[in-house]
Amino acid sequence: MGHVLVFGSFVVDLMSRAPHLPVPGETVKGSMFKLGPGGKGFNQGVAAKKSGADMTMVTKIGRDTFGKVALDVMHDLHIDTRGIFYSEDRETGCALIMVDENTSQNAILVVSGACGTFTNDDIAAIEPMIANASILLTQLEVNMDATEAVVAMAHRYGVKTILNTAPVQPVSDEMLQCVSMITPNEVEAEILTGIPIDSETNALRAADYFFKKGVGKVIITLGGRGVFVAAGSEHAIIPAFSVDVLDTTGAGDAFNGGLATALSEGKDIFKACRFANAVAALSVTRIGTALSMPTRKEIDEFLAIHR
C-alpha cells in the first residue's frame, strides 16, 4: 500500500438545519445545530483514513478552542499530528453551513483563518513527508501559493497528485502540468474550461482541455448521476449508488478521500472511482462532514451488497 499525504484546510463546521434556506434579509428558525470538524482538506483526510489509507494530514490551525477540535478528532482516529502547523496570530478557520432539511441542499460560507496562512518555511518542513508519499491529495481552500509549491514539490519527487478544484478558482497552467489527476465537479469543470457538462460528449471535451494542459487523468463528479472518468483513450461514466440522501455536505470530500485510498491500494482508475462512489454514497446518508465518513468495514459491506 502506498502512503497518502493530504494537504489542505481545517475549519470547524457550524452546521444548522432548517425548513428552507434563508434569502437575504430573512431570518429562519432552525431545527438543529451541530459543531464539528471540517474543511475540505480535513474531510478528505478523514475519509481516506477511515476508508483504509495509510495517511498523513497536513493543515494549519490557531491556538484556540476550535484548533483543539482538530487535535481531538485526530487523536480519536489515530491520525499522526506531525503535519499540524500553528498560527500564532490567526484563528482556526470556520465554516457556516445551512442545510435545507427538505431538499438536503446547502449554502456554505468559509473563513479560512489559520489554514490560509501557510508559509514557505511550513512547506519546506513537509518536504520529507512529500518525498515519502506515493499520492498527494490537495484542494484549493488554503492559500494558493502554498498549494502551488506543494504540488510542484510532489511533481519533482514523482509523487502522483490528485487536485480537487474546490472551492473553484483559476488554476495556472504551470500547476496543471504537475497534476496527475484532477477531480472537479460539473460546475467547477464548466468554470475552468468554459464547457457546460451537459452530456458525455462535452465531458470528454472538458477532459481534453485538461489533457492539453498536461493533466494525466480527469474525473468529473456529476452528483447523483455518478462520475465521468477519462484516462488516455478510455472514458466512461461510473454510476452513483442509489441511497436515501440525508445531507449532501461533504460528499465530494468523501469521494476524493476514498479515491486516494483506492489508488494507494493499486486499484485502476475505474475501480477506484466505484470505491469512491461507495464512500460518497454512505457519507450522504448521515448528517455532517468529517464525522459522517464511513469506515472500511462499512464500505466493504456496502460494496458486497451492491455488486
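Caption draft 1: Expanded view of the overall build of the chain. Of the regular secondary structure elements, the chain holds eleven helices and 13 strands. Computed over the C-alpha atoms, the radius of gyration of the chain is 18 Å, within 12% of the 19 Å expected from 2.2 N^0.38 for a compact globule of 307 residues. Seen through its principal axes, the chain has C-alpha atoms that stretch 50 × 45 × 40 Å. Taking all contacts inside the chain whose residues are at least 6 apart in sequence as the whole, residues at least 24 apart take part in 69%. As displayed, the chain has an accessible area near 13,100 Å², and 54% of this comes from carbon and sulfur atoms. In the chain, the 25 positive side-chain charges and the 35 negative ones have mean positions that sit 6 Å from each other.

Caption draft 2: Expanded view of the state of the cysteines. With the rule as written, the count across this model stands at zero disulfides. With no disulfide partner, Cys 115 has as its closest neighbouring cysteine sulfur the one in Cys 94, 10 Å distant. Assessed through its relative accessible area of 0%, Cys 115 is described here as buried.

Caption draft 3: Focus on the packing of aromatic side chains. One pass over the structure, following the stated rule, counts five aromatic pairs. When the ring of Tyr 209 is compared with that of Phe 210, the centres are 5.5 Å apart and the planes differ by 85°; the resulting orientation is edge-to-face. Aromatic side chains Phe 241 and Phe 302 sit 5.0 Å apart centroid to centroid with 80° between the ring planes, which places their arrangement in the edge-to-face category. Placement of Phe 241 in the loop between strand 13 (234–238) and helix 9 (251–264) and of Phe 302 in helix 11 (residues 296–305) is noted, with a sequence separation of 61 residues between them. Through a chain of ring-to-ring contacts, the aromatic side chains of Phe 7, Phe 85 and Phe 118 assemble into a single cluster. The ring centre of Tyr 86 lies 4.2 Å from the NZ or CZ of Arg 63, which sits over that ring. Geometry around Phe 275 places Lys 267 over its ring, the cationic atom sitting 5.2 Å from the centre.

Caption draft 4: The nonpolar core, seen in detail. Counting residues in each nonpolar core, the largest one holds 51 residues, and the members touching the most others are Phe 42, Ile 219, Leu 259, Ile 269 and Cys 273. Among residues more than four places away in sequence, those in contact with Ile 269 are Met 181, Lys 217, Ile 219, Val 229, Ala 231, Leu 259 and Leu 263. Listed in part, the 47 residues of the second largest apolar core include Ala 95, Phe 118, Val 171 and Leu 192.

Caption draft 5: Region of interest: the packing of helix 1 (residues 40–50) against helix 9. Remark: helix 1 packs on helix 9, axes separated minimally by 7 Å, with the N-to-C direction vectors making an angle of 45°. As the angle between them shows, helix 1 and helix 9 are arranged oblique. Handedness of the crossing formed by helix 1 with helix 9: right-handed. The segment helix 1 lies against helix 9, with Lys 40, Asn 43, Gln 44, Ala 47 and Ala 48 engaging Asp 253, Ala 254, Asn 256, Gly 257, Gly 258 and Thr 261. Along the lines of polarity and charge, the residues of the contact of helix 1 with helix 9 split into three nonpolar, six polar and two charged.

Caption draft 6: Expanded view of the pairing of strand 7 (residues 106–113). Both strand 6 (residues 92–100) and strand 7 contribute to a ladder of seven bridges, which runs antiparallel. When the bridges of strand 7 are listed, Met 98 appears paired with Ala 107. Between strand 6 and the antiparallel strand that follows it, strand 7, lie five residues; Ser 104 among them carries a positive phi value of about 70°.

Caption draft 7: Highlighting the pattern of salt bridges. Evaluated as defined, the whole model comprises twelve salt bridges. The salt bridge involving Asp 80 is made with Arg 82; its shortest N-O contact spans 2.6 Å. For Lys 213, the salt bridge identified is with Asp 173, shortest N-O distance 3.2 Å. Note that Lys 213 is positioned in the loop between helix 8 (200–212) and strand 11 (217–221) and Asp 173 in helix 6 (residues 173–176), a separation of 40 residues in sequence. Connected through salt bridges with shared partners, the residues Glu 265, Lys 267, Arg 296 and Asp 300 form a single ionic network.

Caption draft 8: Up close: the sheet that holds strand 11. Read across the sheet, nine strands follow the order 5-4-1-8-9-10-11-12-13 without closing on themselves; strand pairing throughout is mixed. Bordering the open sheet on either side are strand 5 (84–87) and strand 13, each of which pairs with just one other strand. Where strand 12 (residues 227–231) lies against strand 13, five bridges are found, and the strand directions are antiparallel. Each residue of the ladder has a partner; that of Val 227, found in strand 13, is Ile 238. Sitting on the sheet, helix 8 touches strand 10 (181–182), strand 11, strand 12 and strand 13, and the angle it makes with strand 12 is about 45°. In the packing of helix 10 (residues 269–283) onto the sheet, contacts are made with strand 10, strand 11, strand 12 and strand 13, and the angle to strand 13 comes to roughly 15°.

Caption draft 9: Geometry of the sheet that holds strand 6. One open sheet holds the four strands; their spatial order is 3-2-6-7, and the pairing between them is mixed. Where the open sheet ends on each side, the last strands, each with one partner, are strand 3 (32–38) and strand 7. Here the average twist between neighbouring strands, direction ignored, is 15°. The sheet contact formed by strand 2 (residues 11–18) and strand 6 spans eight bridges and is parallel. The residue of strand 6 that forms the bridge with Arg 17 is Val 99. Its contacts with the sheet put helix 2 (residues 65–76) on strand 2, strand 3 and strand 6, and the angle it makes with strand 3 is roughly 70°.

About the criteria used
Residues numbered from 1 in each chain as written. Predicted model: local features only at pLDDT ≥ 70, side-chain atom pairs only at ≥ 80, totals over all residues. Heavy atoms only, no water. Helix = DSSP H or I, 4+ residues; strand = E, 2+ residues; numbered from the N terminus. Rg over C-alpha atoms; globule rule 2.2 N^0.38 Å. Contact = heavy atoms within 4.5 Å. Areas by Shrake-Rupley, 256 points an atom, 1.4 Å probe, with all protein chains shown as cover. Lys, Arg positive; Asp, Glu negative; His and termini not counted. Charge placed at Lys NZ, Arg CZ, Asp CG, Glu CD. Disulfide = S-S within 2.5 Å. Buried < 20%, exposed > 50% of the residue type's maximum accessible area, 1.4 Å probe, protein only. Phe/Tyr/Trp six-rings, centres within 6.5 Å; stacked < 30°, edge-to-face > 60°. Lys NZ or Arg CZ within 6 Å of the ring centre and 35° of its normal. Core = buried A, V, L, I, M, F, W, Y, C linked by side-chain atoms within 4.5 Å. Axes fitted to C-alpha atoms, helices over the stretch in contact; angles between N-to-C directions. Parallel < 35°, antiparallel > 145°, perpendicular 65-115°, else oblique. Left-handed = near helix turned anticlockwise from the far one by under 90°. Nonpolar A, V, L, I, M, F, W, Y, C, P; charged D, E, K, R; others polar. Pairing = 2+ DSSP bridges. Salt bridge = Lys/Arg side-chain N within 4 Å of Asp/Glu carboxyl O.

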